[in-house]
Amino acid sequence: MTISITEPVTYEVPIPKVARIVLNRPDRRNAQDTELLYALNAAFDRAAHDDDIVVIVLAANGPHFSAGHDMREPDPLTAHERFETVGGGGGFTEPGAAGVMAREEEIYLGFSERWRNIPKPTIAEVHGKVISGGLMLAWPCDLIVAADDAEFIDNVVAMGVNAVEFFNHPYEFGVRKAKELLFTSRAMTASEAERVGMVNKVVSRAELTSATLELAAHIAKQPPFALKLAKQSVNAAQDAAGRPEAIRNAFALHQLAHSHNMQVHGLVVEPAFVERFLRG
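Keep in mind that this is a model prediction, so the values were computed, not measured. Every chain is numbered on its own, with residues counted from 1 as its sequence reads. Per-residue local features of the predicted model are confined to residues with pLDDT of at least 70, and side-chain atom pairs are confined, for both listing and counting, to 80 or more; whole-chain, interface and lining totals are unaffected and use all residues. The side-chain figures draw on all heavy atoms in the structure; neither hydrogens nor water molecules are used.

1. Looking at the layout of surface pockets
By rolling a water-sized probe across the atoms, one finds the places where empty space is left.
1) Next: Space inside the largest pocket adds up to approximately 1200 Å³.
2) Next: Every residue lining the largest pocket is counted, 43 residues in all, and those nearest its centre are His69, Asp70, Met71, Arg72 and Val269.
3) Next: Think of it this way: any DSSP run of H or I at least four residues long counts as a helix, any run of E at least two long counts as a strand, and we number them from the N terminus. If you list the elements that add at least two residues to the lining of the largest pocket, you get α2 (97–116), β6 (129–131), α9 (243–265) and α10 (271–279).
4) Next: Looking at the lining of the largest pocket element by element, the count peaks at 5 residues for α10.
5) Next: Under the grouping applied here, Gly and all other residues not named as nonpolar or charged are polar, the nonpolar ones being Ala, Val, Leu, Ile, Met, Phe, Trp, Tyr, Cys and Pro and the charged ones Asp, Glu, Lys and Arg. A breakdown of the residues in the lining of the largest pocket according to their chemical character gives 21 nonpolar, 10 polar and 12 charged. Detection works on a 1 Å grid of protein atoms alone, calling trapped sets that fit a 1.4 Å probe cavities and calling open sets with protein on both sides within 12 Å along at least five of seven lines pockets, with lining residues defined by an atom within 4 Å of a point. Grid points are joined across faces, edges and corners, and a volume is the space filled by probe spheres set on the points.

Below you can see the structure in the form of structure tokens.
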């Protein structure tokens, strides 16, 4: 039975002990507006707080997992007024870099880090395009099962910015592949993503949901407390090597790039990219 948290996201328990959260803006290719991100955060909280749930799956309706940030969202800096914020900051309507940074610290970097540290195993079930901001939905998950048609793209350098706000690139597939993905803005196929360790398993599109649920069911047989401790152990190993500081530095440079583009072009990203985006 599917229970709607709010329109952009659905929540279901398809098999015992497993919650399946589904992005549900197929007409917008699951582009992330403010409402979708807060709805997704609420769904993650619901699964995390339910003691009957051991594993959480994140999937998507429509032809693509996520086209990234919704660049057509009207007046995004005031959108936060409709939601109870999760982080400790504010200032979303402040002028200049202050408002832009506050928004991105809350719903992009803040949410991605929060989801990474949910004390339950999470699995991203991805297909089609996973573009820029879409990576920040898949990467916080502990495991990724991909359809063979999945493509992973971070084209933010083409926008005049260093990378997406959740700079997990070197930890997903190593330094040189991270640079290649960023420098070229080219797509990484599912099979290549599996080879470099970013994806755990590649299956056909028809088998994607069943294969993901099979994996989730297998994990859900393990003791929940031991799963929690195992997840915390691996995450702590990454963090002890300096991951949080690297991500905060990249986030600060991301904000510098926005400010530079605004000073030079009057937009937070390169106008040439916006023109190509609007053409389609």
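2. Digging into the sheet that holds strand β9 (residues 188–189)
1) Next: Only strands joined by at least two bridges in the DSSP assignment are considered to pair. Across the sheet, which stays open at both edges, the 3 strands sit in the order β6-β8-β9 with mixed pairing between neighbours. For this open sheet the edge positions go to β6 and β9, each flanked by a neighbour on one side alone.
2) Next: With 2 bridges joining them, strand β8 (residues 151–153) and β9 adopt antiparallel strand pairing. Paired with phenylalanine 152 across the bridge in β9 is methionine 188.

3. Topic: the packing of aromatic side chains
1) Next: For this analysis, a ring pair means two rings from Phe, Tyr or Trp (six-membered ring only for Trp) whose centres lie within 6.5 Å, classed as stacked if their planes differ by under 30 degrees, edge-to-face if by over 60, and tilted for the remaining angles. Per the counting criterion, the structure on display carries 5 aromatic pairs.
2) Next: Ring centres of tyrosine 38 and phenylalanine 111 lie 5.2 Å apart, and the angle between their planes is 85°; this geometry places the pair in the edge-to-face category. Residue tyrosine 38 is located in helix α1 (residues 34–49), and its partner phenylalanine 111 is located in helix α2; the two are separated by 73 residues in the primary sequence.
3) Next: Of the residues examined, tyrosine 38 reaches a relative accessible area of 7% and is grouped as buried.
4) Next: Two conditions define a charge located above a ring, namely a distance within 6 Å from the ring centre to NZ of Lys or CZ of Arg, and an angle within 35 degrees of the ring normal. Seen from the ring of tyrosine 11, arginine 46 lies directly overhead, with NZ or CZ sitting 4.3 Å from the centre. Buried, partly exposed and exposed residues are distinguished by accessible area as a fraction of the type maximum, computed with a 1.4 Å probe on protein chains only: under 20%, between the cut-offs, and over 50%, respectively.

4. What to know about helix α7 (residues 208–220)
1) Next: A helix is expected to reach a length of 1.5 Å times the quantity of its residues less one. Between its first and last C-alpha, α7 extends 18 Å over 13 residues, near the 18 Å set by a 1.5 Å rise per residue.
2) Next: Among the residues of α7, those classed as buried are Leu208, Ala211, Thr212, Leu213, Ala216, Ile219 and Ala220.

5. Quick word on the environment of phenylalanine 92
1) Next: Among the secondary structure elements, phenylalanine 92 is positioned in the loop between β4 (55–60) and α2.
2) Next: On the basis of relative accessibility, which here comes to 10%, the residue phenylalanine 92 falls in the buried class.
3) Next: When the C-alpha atoms of phenylalanine 92 and histidine 80 are compared, they prove to be 7.1 Å apart, with 12 residues separating the residues in sequence.

6. Digging into the environment of glycine 134
1) Next: For glycine 134, the position within the fold is in the loop between β6 and α3 (135–138).
2) Next: Any two residues whose heavy atoms approach within 4.5 Å at even a single point are treated as in contact. Aside from chain neighbours lying at most four places away, what touches glycine 134 is Gln32, Phe65, Ser66 and Gly68.

7. Here's the deal with the packing of α2 against α9
1) Next: Orientation is described by axes fitted as lines to C-alpha atoms, over the contacting stretch for helices, and by angles from 0 to 180 degrees between their N-to-C directions. Between α2 and α9, whose axes approach to 11 Å, the crossing angle comes to 155°. The angle between α2 and α9 falls in the class roughly antiparallel. Crossing handedness for the pair α2 and α9: right-handed. Contacts between α2 and α9 involve Val100, Met101, Glu104, Glu105, Leu109, Glu113 and Arg116 on the former and, on the latter, Arg243, Ile247, Arg248, Phe251, His254, Gln255 and His258.
2) Next: Of the residues that constitute the contact of α2 with α9, the class distribution is 5 nonpolar, 3 polar and 6 charged. In these notes the angle categories are as follows: under 35 degrees is roughly parallel, over 145 is roughly antiparallel, 65 to 115 is roughly perpendicular, and the rest is oblique. Should the near helix be turned anticlockwise from the far one by less than a right angle, the crossing is termed left-handed; should it be turned clockwise, right-handed.

8. A closer look at unusual backbone geometry
1) Next: The residue serine 132 is not glycine, and still its phi comes out positive at about 45°.
2) Next: Structurally, the position occupied by serine 132 is in the loop between β6 and α3.
3) Next: Residue serine 132 is classed as buried on the basis of its relative accessible area of 6%.
4) Next: Backbone geometry places serine 185, a non-glycine residue, at a positive phi of 60°.

9. Here's the deal with α1
1) Next: Taking 1.5 Å of rise per residue, the 16 residues of α1 would be expected to cover 22 Å, and the 23 Å separating its terminal C-alpha atoms lies within 8% of that figure.
2) Next: Of all the positions in α1, only Thr34, Leu36, Leu37, Tyr38, Ala39, Leu40, Asn41, Ala43, Phe44, Ala47 and Ala48 are classed as buried.

Without other data, these values stay purely geometric and don't point to any function.
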